[in-house]
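Structural overview
For reference, the chains in residue letters:
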Amino acid sequence: MNPITNSPAPPNILVVDDTPANLKLLAVMLKHHGYNVRPAPSGKLALEAAKHEPPDLILLDINMPEINGYEVCQQLKANDALKSIPIIFISALDDIFDKVKAFSVGGVDYITKPFQFEEVVSRVSTHIALRRQERQLQESLAQLQELEHLRDSLVHMIIHDMRSPLAVVEMCIHLLEKPDTLPKNQIAEVVTKAGNATYRLNEMITQLLDINRLEAGQMPIKKEAHDLNITLHATRRTFSALANGRQITLDIPDPSKAIYDEEIISRIVGNLLSNAFKFTSENGKIAMVVTQEGDHYRVAIKDNGRGIALEHQQKIFEKFWQAELRSKRVGTGLGLAFCKLAVEAHGGQIGVQSQLNQGSTFWFTLPIGNINN
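Figured I'd write up the structure that's included with this text. None of the values given here were measured: they were computed from a predicted structure. (Residues numbered from 1 in each chain as written. Predicted model: local features only at pLDDT ≥ 70, side-chain atom pairs only at ≥ 80, totals over all residues. Heavy atoms only, no water.)

A closer look at the pattern of salt bridges
Scanning the model with the defined rule gives 10 salt bridges in all. Notably, a salt bridge pairs Lys113 with Asp61, separated by 3.4 Å at the nearest N-O pair. With Lys113 in strand β5 (residues 109-113) and Asp61 in strand β3 (residues 57-61), this pair connects stretches of sequence that are 52 residues apart. Its relative accessible area of 15% is what places Lys113 among the buried residues. Ionic pairing is found between Glu119 and Arg123, a salt bridge with its closest N-O pair at 3.0 Å. With a gap of four residues between them, Glu119 and Arg123 both fall in helix α5 (residues 117-177), about one helical turn apart. (Salt bridge = Lys/Arg side-chain N within 4 Å of Asp/Glu carboxyl O. Helix = DSSP H or I, 4+ residues; strand = E, 2+ residues; numbered from the N terminus. Buried < 20%, exposed > 50% of the residue type's maximum accessible area, 1.4 Å probe, protein only.)

So, in structure tokens, the structure goes:
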């Protein structure tokens, strides 16, 4: 891209001819049509110029001393970095021109001398356009292959994660099939474990479906007037029962009026609390802090867990991030991807501040709204 105009840079054409008059004529023709032209008076210099800065297209004279055009073309095609550059041969009408050989060594077209301006420009522009289309197709194919790889990794990740709660449910069913073998005080515990595992499975499925709907802009967001104070206190009470000794504190202005979908914001906070549970030891502390900053509220959830490496913090909200680093088991599943999309659907932002072994603070913002009672 041209940094000044922010438009694509003009195509770069290497013109190779041992006759100075021909070089000058072709350079004037092509520059007038908006191309960048680099002249090379010999095959040897042309090879050096192409290696130093690969052009978009080469106009190559055939009859040159030392190294003729056929040999130059063969050497270019033998170089993996240069073999895809289109080469148009140049030949005088009174020269012996082997068209079959020209195409067999890798040429894509030919032009005869004396030059016809319209013909030169037409052939050059055609092959430049074909070259660009080829590059675009290659880039699109590479992107598609990467997306397919990430999709497959995500599918494997989800299947792997679902197996754990499924195994718990299966084990509980087997135990409950023979209730006489269980002490009565353990039956309720087994049922609770099965219920928790079922909840986890349902949450995974719901998050995956909601992420797809959010990405497609098809998930309804029911924005209504609410007091964030009430919503967060209710969410805190729900998750305090699951905290296993972890202390959850809440510091929030009263009232804190905003416009949002209460169910979705509760799920966002629940996901962030669940994430904090994973990385905070029992009897650890998790702080929920809400502050007003200009025209929005900032909701922060801070834990004293192991923290997140700086190089992972930019990717942690990506849907495919866990799949990419699955072998290291440092990912966070789909919960944070859902949080990011849902917060942005409310017109807010989300982020994380963290240092290794010093805990993490996940935060998101909500635009301030008024409740008219």
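Notes on the sheet that holds strand β2 (residues 36-40)
Strand order in the open sheet formed by five strands is β2-β1-β3-β4-β5, and the pairing between neighbours is parallel. With one partner strand each, in any of the chains shown, β2 and β5 form the two edges of the open sheet. Adjacent strand axes in the sheet meet at a mean angle of 20° when their direction is disregarded. Contacts between helix α2 (residues 43-52) and the sheet are confined to β1 (12-16) and β2, with β1 contributing the most and set at about 165° to the helix. (Pairing = 2+ DSSP bridges. Axes fitted to C-alpha atoms, helices over the stretch in contact; angles between N-to-C directions. Contact = heavy atoms within 4.5 Å.)

What to know about the sheet that holds strand β9 (residues 285-293)
Strands sit in the order β7-β9-β10-β12-β11 across an open sheet of five strands; the sheet is mixed. For this open sheet the edge positions go to β7 (247-251) and β11 (350-354), each flanked by a neighbour on one side alone. Looking at each pair of strands side by side, their axes are set apart by 20° on average, direction ignored. Bridge analysis of strand β10 (residues 296-303) against strand β12 (residues 360-367) gives eight bridges, and the strand direction is antiparallel. Bridge pairing in β12 links Ile301 to Phe362.

Some words on the nonpolar core
Leu228, Leu232, Ile268 and Phe364 are the most contacted members of the largest nonpolar core, which has 44 residues in total. Top contributing element to this core by residue count: helix α8 (residues 262-278), with eight residues. The residues touching Leu232, leaving out its near neighbours within four places in the chain, are Leu250, Ile252, Val269, Met288, Val290 and Val299. Core analysis: the next-biggest nonpolar cluster, separate from the first, contains 22 residues, Leu14, Val72, Leu82 and Ala102 among them. (Core = buried A, V, L, I, M, F, W, Y, C linked by side-chain atoms within 4.5 Å.)

Some details on the environment of Asp254
Mapping Asp254 onto the fold places it in the loop between β7 and β8 (257-260). When the C-alpha positions of Asp254 and Glu119 are compared, they lie 77 Å apart, and in sequence the two are 135 residues distant. Ignoring anything within four residues of it in the chain, the contact list for Asp254 reads Asp227 and Asn229.

Brief notes about unusual backbone geometry
Cis geometry marks the peptide bond from Lys113 to Pro114; its omega dihedral reads 0°. By the secondary structure assignment, Pro114 is in the loop between β5 and α5. In this structure, the amide linkage connecting Asp254 to the following residue, Pro255, adopts the cis form with an omega of -5°. By the element assignment, Pro255 lies in the loop between β7 and β8. Even without being a glycine, Glu66 presents a positive backbone phi close to 70°. Checked against the element boundaries, Glu66 lands in the loop between β3 and α3 (69-77). Classification of Glu66 by relative accessible area gives exposed; the value is 75%. For Asn357, which is not a glycine, the phi torsion comes out positive at approximately 65°. Here Asn357 is to be found in the loop between β11 and β12.

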